[in-house]
Amino acid sequence: MNADKDLIQDRIDIVETLARYVRDVDDHEVEKVADLFTATGALQIHTRTGRQPHQKLGEAFVGREGLRELAKSWPRERVAMHRTSDHIVRIDGDGAELSARFIVVDLTDDRRIEGSGISAYTVQLGGQYEATLLKADGEWRFTRLDIRISGPLG
């Protein structure tokens, strides 16, 4: 029974690692984002047009210093919120794979629905996260995070 409990807790912790990642990105918490990766962890962004295969967008950001470099490109004036769903987790000992879908909502452009006073925000982009994680010292960290954006950037 303890093995089942441990597996359930690991799944919760892995999904929470992704939740912390998207929240820390939204909050521009560069050091917190970098700390969610192993020392040699990598983040690669991919884009595609239509249903074409994904293509790498530049080189991977490797290690915590590489992730700090990526953070320099985050637009500080934009306010966004990531939403993730459809989490699929596969655990093998101290290693795991995670797949989840995401959308990013732009909260900067606050338009009002006519006559209601309710905000109407814009979906900026969407796609899928594909990740590998490693558990060390009781913490799950990304060894690889591939962000597969469903559409071109720019």
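Note that the structure is a prediction, hence the values are computed from the model and not measured.

**Q** Just to check I follow, could you spell out the side chain of D10 for this structure?
**A** The topology assignment puts D10 in helix α1 (residues 2–26). Residue class for D10 comes out buried when judged on its relative accessible area of 10%. Here K135 takes part through its side chain, which lies 2.7 Å from a polar atom of the side chain of D10. When residues no more than four places from it in sequence are discounted, the contact partners of D10 are I91, K135 and W140.

**Q** I keep staring at the environment of R111 and nothing clicks. Help me out?
**A** Tracing the backbone through its elements, the reader meets R111 in strand β5 (residues 95–112). For R111, a relative accessible area of 41% corresponds to the partly exposed category. Taking the C-alpha atoms as reference points, R111 and I14, separated by 97 residues in sequence, lie 35 Å from one another.

**Q** Where do I start with the pattern of salt bridges in this structure?
**A** Charged atoms that come close allow side chains of opposite charge to pair. Taken as a whole, this structure holds five salt bridges when the rule is applied. The residue R141 makes a salt bridge to D35 at a minimum N-O spacing of 3.7 Å. Separated by 106 residues along the polypeptide, R141 in strand β7 (residues 139–149) and D35 in helix α2 (residues 30–35) bring together distant segments of the chain. In this structure, a network of salt bridges that share partners links the residues E31, E65 and R68.

Definitions and cut-offs
- Residues numbered from 1 in each chain as written.
- Predicted model: local features only at pLDDT ≥ 70, side-chain atom pairs only at ≥ 80, totals over all residues.
- Heavy atoms only, no water.
- Helix = DSSP H or I, 4+ residues; strand = E, 2+ residues; numbered from the N terminus.
- Buried < 20%, exposed > 50% of the residue type's maximum accessible area, 1.4 Å probe, protein only.
- Polar contact = N/O pair within 3.5 Å; in protein donor to acceptor, adjacent residues only side chain to side chain.
- Contact = heavy atoms within 4.5 Å.
- Salt bridge = Lys/Arg side-chain N within 4 Å of Asp/Glu carboxyl O.

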